[in-house]
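# Notes for the structure review
For reference, the chains in residue letters:
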Amino acid sequence: MIHDNLLFTKALPIITEIKKAGYEAYFVGGCVRDALLNKEINDVDLATSAFPAEIKAIFSKTIDVGIEHGTVMVLRNDETYEVTTFRTESTYQDFRRPDQVVFVRSLKEDLKRRDFTVNALAMTEDGEIIDYFDGVNDLTNGLIKAVGSPKERFFEDALRMMRGVRFVSQLDFNMDSETKKAIFLHRALLAKIAVERIQVEFMKLLLGEGRQKGLNLFIESALYSYCPGLAEYQKELLYFASLKNDQNHKLPSPVAAWTLLLFTLEKHEEDVDSFLRAWKCSKKMIQQVKIALKALTLRVKQPLDPLLLYQSGYAIILEVEELLLFLDKPADLTRLEELLNQLPIKDKKEMTVSGFDLVAYFNKSPGKWLGEALDKIEIAIVLGDVANEKEVILSWLSEANEIKK
Ligand code: ATP
Ligand code: MG
């Protein structure tokens, strides 16, 4: 398994060097889980019995990325590797991240503090799997199950409940019944967790291939009622959870995911800002979702037109077309490509007249008229009412009696 994957083979010398210095080192967490599932691996995490100072003594180039949590970044051959000391976490006082981490020398102790059995696997440099909590069995049966007592684990760190439903979606797994019960019991603790961290898990839930399963669990466990802006929307969320695209169940992007969610909650362009700000989304995300929601709302009622394409942009319209399939409406990719090829301009910057040209031509000082005229020209060019040539545009403006010289 190790030799099938470049990420593992590249990291092998790191393990070898740590071992040569007399310590233990393993691949751990998500990479082991995903490799066993034959899924693509994004990054490899390494865990070691060596303390951070000891790791720094072994490698010539390191960066202290999270040294207080035991993570040192090792730089080697233009690659970076995160090496984390085995640790236990103690005294969770406020249902979130531990107050204190204690470095330990035992792999088992480290794996014990991990959230789910499928995430508590380690792999040696020879590809041998170390499985103290029956994670391989749960992986085979497609089960998300807390390590140890689920009630205690969620009480320690309430984010784990969101992580649980996101793994159900991401891996298209089911949740073990005791683990599920514990979420139902402790769901209100989610209110203690920073929204940014909930958002990351929620988005992974929405983008997962088992989205329907994950969402149903998110609703059934009532975790949704502790998330921004969702508490009043159980019925709409159930409808959202039922939406599927027969060709591809996965939502294409975070913008698409938020857009479809807001559409099913019957939100409008003007509601996007406060909703997504409460979720701590970036300004860029909010701006894109606004455009996409407006476009989707129009597209369910009418065919695609050049102005909508121009104003929304190709990338967003492409996602909107894909979202139509989730709403059982036909997408029209042929028309999209046709319209794109026919668009006289794709951006304001391509207009052949500027504000300066208009001021000079009409010999008027700049004012409200100028912006209005530029907007009008832009739309006329996009709709093909006027050619994008300076002379043509200027005489069109005079003829249309829009602006008097
Ligand atoms: P992904 O594919 O999304 O990166 P992952 O399993 O690697 O999934 P990470 O958030 O990168 O998830 O965490 C790496 C590992 O750290 C997990 O596999 C798990 O063992 C452990 N872990 C992460 N967050 C927690 C937590 N809140 N409580 C307990 N263990 C955790
Ligand atoms: Mg990871």
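Residues numbered from 1 in each chain as written. Chains lettered and ligands numbered in written order. Predicted model: local features only at pLDDT ≥ 70, side-chain atom pairs only at ≥ 80, totals over all residues. Heavy atoms only, no water.

## Looking at the sheet that holds strand β2 (residues 45-48)
The strand order β3-β4-β5-β2-β1-β8-β9 describes an open sheet built from seven strands, whose pairing is mixed. Of all the strands in the sheet, just β3 (62-66) and β9 (129-130) have a single pairing partner and so form its edges. In this structure, β3 lies alongside strand β4 (residues 71-76), joined through three bridges in antiparallel fashion. Residue pairing for β4: Ile63 is matched across the bridge by Met73. Sitting on the sheet, helix α1 (residues 6-20) touches β1 (25-28), β2, β4, β5 (79-85) and β8 (122-123), and the angle it makes with β1 is about 150 degrees. (Pairing = 2+ DSSP bridges. Helix = DSSP H or I, 4+ residues; strand = E, 2+ residues; numbered from the N terminus. Contact = heavy atoms within 4.5 Å. Axes fitted to C-alpha atoms, helices over the stretch in contact; angles between N-to-C directions.)

## Side note on the layout of surface pockets
By volume, the largest pocket amounts to about 1600 Å³. In this structure, the largest pocket is lined by 44 residues; those nearest its centre are Asp45, Asp115, Arg163, Arg166 and Phe167. Listing elements by their share of the lining of the largest pocket, those giving two or more residues are α2 (30-36), β2, β5, β6 (87-90), α7 (159-171) and α9 (195-207). Considering each element in turn, the lining of the largest pocket owes the most residues, seven residues, to α7. Split by residue class, the lining of the largest pocket holds twelve nonpolar, ten polar and 22 charged. In this model, the second largest pocket occupies a volume close to 180 Å³. Every residue along the wall of the second largest pocket is listed here: Glu269, Lys290, Ile291, Lys294, Ala295, Leu298, Gln302, Asp305, Leu307, Leu308, Gln311 and Ser312. Of all the secondary structure elements, the ones that give two or more residues to the lining of the second largest pocket are α14 (283-299) and α15 (306-312). In terms of residue count, α14 provides more of the lining of the second largest pocket than any other element does, five residues in total. Looking at the lining of the second largest pocket residue by residue, the class counts come to five nonpolar, three polar and four charged. (1 Å grid on protein atoms, 1.4 Å probe; cavity = no way out; pocket = protein on both sides within 12 Å on 5 of 7 lines; lining within 4 Å. Points joined across faces, edges and corners; volume = space filled by probe spheres on them. Nonpolar A, V, L, I, M, F, W, Y, C, P; charged D, E, K, R; others polar.)

## What to know about α14
If you check α14, its first and last C-alpha atoms are 24 Å apart, about what 17 residues at 1.5 Å a residue would give, namely 24 Å. Of all the residues in α14, the buried ones are Met285, Ile286, Val289, Ala292, Leu293, Ala295, Leu296 and Arg299. The elements touched by buried residues of α14 are α12 (254-264), α13 (269-278), α15 and α16 (314-326). (Expected span 1.5 Å × (residues − 1). Buried < 20%, exposed > 50% of the residue type's maximum accessible area, 1.4 Å probe, protein only.)

## Section: the domain arrangement of the protein chain
According to the domain assignment, the protein chain contains domain 1 (1-141), domain 2 (146-243), domain 3 (251-343) and domain 4 (348-399). With four residues of domain 3 at the contact, the number on the domain 4 side is five residues. When domain 3 packs against domain 4, the two sides together hide about 410 Å² of surface, and 74% of this comes from carbon and sulfur. Viewed at the interface, domain 4 and domain 3 are joined by zero salt bridges. Its residues assigned to classes, the side of domain 3 that touches domain 4 comprises four nonpolar, no polar and no charged. (Domains from an automatic or database assignment. Buried area = accessible area lost by both parts, 1.4 Å probe. Salt bridge = Lys/Arg side-chain N within 4 Å of Asp/Glu carboxyl O.)

## A few points about the packing of aromatic side chains
Applying the stated rule across the entire model yields 13 aromatic pairs. Geometrically, the ring pair formed by Phe8 and Phe27 is edge-to-face, given 4.8 Å between the ring centres and 75 degrees between the ring planes. One end of the pair, Phe8, is in helix α1; the other, Phe27, is in strand β1, with 19 residues separating them in the sequence. This pair shows no difference in class: Phe8 is buried, exactly as Phe27 is. Site record: aromatic cluster; members linked through ring pairs are Phe202, Phe218, Trp258, Phe275 and Trp279. One residue, Arg187, lies across the ring of Phe184, its end atom 4.3 Å from the ring centre. (Phe/Tyr/Trp six-rings, centres within 6.5 Å; stacked < 30°, edge-to-face > 60°. Lys NZ or Arg CZ within 6 Å of the ring centre and 35° of its normal.)

## Quick notes on the site of ligand 1
For ligand 1, the set of nearby residues contains 14 residues, the closest of which are Arg33, Asp157, Arg160, Arg163 and Arg166. One nitrogen or oxygen atom from the side chain of Arg33 is found 2.7 Å from an oxygen atom belonging to ligand 1. Contact between ligand 1 and Asn119: an oxygen atom at 3.0 Å from a main-chain N or O atom of the residue. Expressed as a share of its isolated accessible area of 590 Å², the protein-covered part of ligand 1 is 78%. Put simply, ligand 1 lies in the largest pocket. Taken together, the elements giving at least two residues each to the shell around ligand 1 come down to α2 and α7. With five residues, α7 is the largest single contributor of residues to the shell around ligand 1. Of the residues in the shell around ligand 1, the class split is one nonpolar, four polar and nine charged. Three or more residues apiece are contributed to the shell around ligand 1 by two domains, here domain 1 (1-141) and domain 2 (146-243). (Near = heavy atom within 4 Å. Polar contact = N/O pair within 3.5 Å; in protein donor to acceptor, adjacent residues only side chain to side chain. Areas by Shrake-Rupley, 256 points an atom, 1.4 Å probe, with all protein chains shown as cover. Sits in = over half its atoms within 2 Å of the grid points.)

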